[in-house]
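# Per-entry structural report
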Amino acid sequence: GAVVSQHPSWVICKSGTSVKIECRSLDFQATTMFWYRQFPKQSLMLMATSNEGSKATYEQGVEKDKFLINHASLTLSTLTVTSAHPEDSSFYICSAPDSGAVNSPLHFGNGTRLTVT
Amino acid sequence: LAKTTQPISMDSYEGQEVNITCSHNNIATNDYITWYQQFPSQGPRFIIQGYKTKVTNEVASLFIPADRKSSTLSLPRVSLSDTAVYYCLVGDNFGNEKLTFGTGTRLTIIP
């Protein structure tokens, strides 16, 4: 089946530094990828939609200058958390549909746990 | 956007059949109903999807009444490894309003 690989699985960084998270579709092309954030005991919150070759679409309340998204190829999208602060500590997850069909199920990465000290 | 409502939590004993119902009163004609399972510190995993009536695969069944305003995920003979959070999503991937995760149902299987 379709596989989405997310790297790293966990990262600890100091406040003020930037962290890049990669999301790769291993056996399919993903023109669209979704990025989510999940706090403990809470549901997934959609942050942005990443589109290959164009600018990402951010959800209301998500700072595009803080959460930089790049989708330069059909198999790779990256999320960079810039000038990270402790409140950015969270579980970040990406997903992608494996086809252009409107009902194509989403395939999720295994998430990245970010801890900002 | 078709908002979904699920029970926050459910408990069941091993070997029982578990039914989790999701309400989606504002479902649109083009919307599909998809269920995902999430274990702690992992990304969600696709379980099953349907549009109407009944769908069955190797792990679950999905029952959708004619009005499509609700759906029921049925897990046969659950085991401890089925302890997870289950999410019901309604919509399509490329609509004007993106798929939104609701609260999900935290299912705990008791030995």
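Every chain is numbered independently, its residues counted from 1 as its sequence is written. Both sets of labels track the order of writing: A upward for chains, 1 upward for ligands. The predicted nature of this model means local features are confined to residues of pLDDT at least 70 and side-chain atom pairs, given and counted, to a pLDDT of 80 or more, with totals for whole chains, interfaces and linings taken over all residues. For side-chain calculations, the full set of non-hydrogen atoms in the structure is used, while hydrogens and water are omitted.

As a further point, take the overall build of chain B. A tally of regular secondary structure across chain B gives zero helices and nine strands. Runs of E in the DSSP output that reach at least two residues are strands. Runs of H or I that reach at least four are helices, and both are numbered from the N terminus. Secondary structure elements in chain B, listed N-terminal to C-terminal, are β-β-β-β-β-β-β-β-β. Only C-alpha atoms enter the radius of gyration, while the globule expectation follows 2.2 Å times N to the 0.38, with N the number of residues. Here the C-alpha radius of gyration of chain B, 13 Å, is about what a compact globule of 111 residues would show, namely 13 Å. By its C-alpha atoms, chain B is 45 × 30 × 20 Å across when sized along the principal axes.

Turning our attention to the environment of Ser95 of chain A. Residues and elements named next belong to chain A. Of note, Ser95 is situated in strand β9 (residues 90-97). With a relative accessible area of 0%, Ser95 lands in the buried category. Remark: the alpha-carbon pair of Ser95 and Tyr36, spanning 59 residues in sequence, is separated by 8.2 Å. Two residues form a contact once any of their heavy atoms are found within 4.5 Å. Filtering out sequence-adjacent residues up to four positions away, Ser95 remains in contact with Thr32, Met33, Phe34, Tyr36, Leu106, His107 and Phe108. When accessible area is computed with a 1.4 Å probe and restricted to protein chains, residues below 20% of their type maximum are described as buried, those above 50% as exposed, and intermediate ones as partly exposed.

The next point concerns unusual backbone geometry. Looking along the chain, the bond that leaves His7 of chain A and enters Pro8 of chain A is cis, with omega of 0 degrees. Its location among the elements puts Pro8 of chain A in the loop between β1 (4-7) and β2 (10-13). Non-glycine residue Arg68 of chain B carries a positive phi angle of around 60 degrees. By secondary structure assignment, the location of Arg68 of chain B is in the loop between β6 (61-64) and β7 (70-75). Located in the positive-phi region is Arg77 of chain B, a residue other than glycine, with phi close to 45 degrees. By relative accessible area, which is 65% here, Arg77 of chain B ends up exposed.

Classification of ring pairs uses Phe, Tyr and Trp, with its six-membered ring standing for Trp, and accepts pairs whose centres are within 6.5 Å; under 30 degrees between planes counts as stacked, over 60 as edge-to-face, and the remaining range as tilted. Overall, the coordinates contain nine aromatic pairs over all chains when judged by the stated rule. With centroids separated by 5.8 Å and ring planes inclined at 40 degrees, the aromatic side chains of Tyr36 of chain A and Phe108 of chain A adopt a geometry described as tilted. Highlighted residues: Tyr36 of chain A in strand β4 (residues 32-38) and Phe108 of chain A in strand β10 (residues 106-108), separated in sequence by 72 residues. Each member of the pair, Tyr36 of chain A as well as Phe108 of chain A, is classed as buried. When the ring of Phe67 of chain A is compared with that of Tyr92 of chain A, the centres are 6.4 Å apart and the planes differ by 40 degrees; the resulting orientation is tilted. Taken as a pair, Phe67 of chain A in strand β7 (residues 67-73) and Tyr92 of chain A in strand β9 lie far apart in primary sequence, 25 residues in all. Tyr92 of chain A matches Phe67 of chain A in its accessibility class, with the two residues each being buried. Aromatic ring contacts, followed pair by pair, group Tyr36 and Phe108 of chain A together with Tyr36, Phe46, Tyr87 and Phe101 of chain B into a single cluster. Two limits define a charge over a ring: the Lys NZ or Arg CZ must be within 6 Å of the ring centre, and within 35 degrees of the ring normal. Sitting over the face of the ring of Phe67 of chain A, Lys66 of chain A holds its NZ or CZ atom 6.0 Å from the ring centroid. Seen from the ring of Tyr51 of chain B, Arg68 of chain B lies directly overhead, with NZ or CZ sitting 3.9 Å from the centre.

All names here are of chain B. The strand order across the open sheet formed by five strands is β1-β9-β8-β3-β4, and the pairing between neighbours is mixed. Taken across any chain shown, the strands that pair with only one partner, and hence form the sheet edges, are β1 (9-13) and β4 (45-50). Along the sheet, successive strands turn relative to each other by an average axial angle of 25 degrees, direction set aside. Summarising the sheet, β1 and strand β9 (residues 105-110) pair through five bridges and their orientation is parallel. DSSP bridges decide pairing: two strands pair if at least two such bridges lie between them. Between N-to-C directions, angles span 0 to 180 degrees; the directions come from axes that are lines fitted to C-alpha atoms, helices contributing only their stretch in contact.

With that out of the way, let us pick up the pattern of salt bridges. Residues and elements named next belong to chain A. Take a side-chain nitrogen of Lys or Arg and a carboxyl oxygen of Asp or Glu: if they are within 4 Å of each other, that pair is a salt bridge. Considering all chains together, one arrives at two salt bridges over all chains under this definition. Close ionic contact of Arg24 with Glu22 constitutes a salt bridge, the shortest N to O distance being 3.5 Å. You can call Arg24 partly exposed: its relative accessible area is 36%. Asp88 is the salt-bridge partner of Lys66, the closest N and O atoms lying 2.8 Å from each other.

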